Amino acid sequence: MCHGNICRSPVAAALLSRELTALGVDVESAGFIGPNRPPPQAAIAAAARHGVDLSEHRSRLLTADLVRAADLIIVMDPAQQRVVCDRFGLRPRDVIVLGDVDPAPVEARTIRDPVNECVAVFEQTYERIARCVRELTSVLEQADG
């Protein structure tokens, strides 16, 4: 999940779903604000380079029902982790920051929100998300095996 569910979380969800479907894992995405909004054109263009089609995506809100149904919630920054834990009574271990699994040396845990930025910023953000998803998938596959 991310703030608006129009840029980061739909791409992360699509990439995770692609990797984890074989393990029987269902992946959903949601955000804190503005249901039924489309992604910006820059997001659609950058996501396509990762084989993700965002053209039909519409944002949706994170609800108590979605939280109850989840075994794990993945967020894009530590502030979102705190909000989800506080709002829904979860423990921090049940909500992970995707940037924490980044195998590359990085300066921040937060995965940058590219909204209102150029395509190059979306591409950088999506490359980091893809790298983190690959690492998380590897960890989950090892735990399953």
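Structural notes, computed from the coordinates. All values derive from a computational prediction rather than experimental measurement.

**Some words on the packing of aromatic side chains**
In this description, an aromatic ring pair is defined by two values, namely the gap between the centres and the angle between the planes. All told, the structure shown has one aromatic pair when counted by the stated rule. Ring geometry for Phe122 against Tyr126: centres 5.9 Å apart, planes inclined by 70°, an arrangement best described as edge-to-face. Taken as a pair, Phe122 and Tyr126 lie in helix α5 (residues 119-144) at a separation of four residues, close to a single helical turn. For Tyr126, a relative accessible area of 0% corresponds to the buried category.

**Quick look at unusual backbone geometry**
Although it is not a glycine, Asn5 sits at a positive phi angle of roughly 60°. Checked against the element boundaries, Asn5 lands in the segment before α1 (8-20). The phi angle at Asn36 is positive, at roughly 70°, despite the residue not being glycine. In this fold, Asn36 is placed in the loop between α1 and α2 (41-48). For Asn36, a relative accessible area of 58% puts it in the exposed group.

**Things to note about the pattern of salt bridges**
In total, this model carries ten salt bridges according to the counting rule given. Salt-bridge contacts for Asp102 lead to Arg131; the nearest nitrogen and oxygen are separated by 2.7 Å. Separated by 29 residues along the polypeptide, Asp102 in the loop between β2 (95-97) and α5 and Arg131 in helix α5 bring together distant segments of the chain. For Arg131, a relative accessible area of 24% translates into the label partly exposed. For the salt bridge of Glu127 with Arg134, the shortest nitrogen-to-oxygen distance reads 3.6 Å. Owing to a relative accessible area of 48%, Arg134 belongs among the partly exposed residues under this scheme.

The rules behind these values
Residues numbered from 1 in each chain as written. Predicted model: local features only at pLDDT ≥ 70, side-chain atom pairs only at ≥ 80, totals over all residues. Heavy atoms only, no water. Phe/Tyr/Trp six-rings, centres within 6.5 Å; stacked < 30°, edge-to-face > 60°. Helix = DSSP H or I, 4+ residues; strand = E, 2+ residues; numbered from the N terminus. Buried < 20%, exposed > 50% of the residue type's maximum accessible area, 1.4 Å probe, protein only. Salt bridge = Lys/Arg side-chain N within 4 Å of Asp/Glu carboxyl O.

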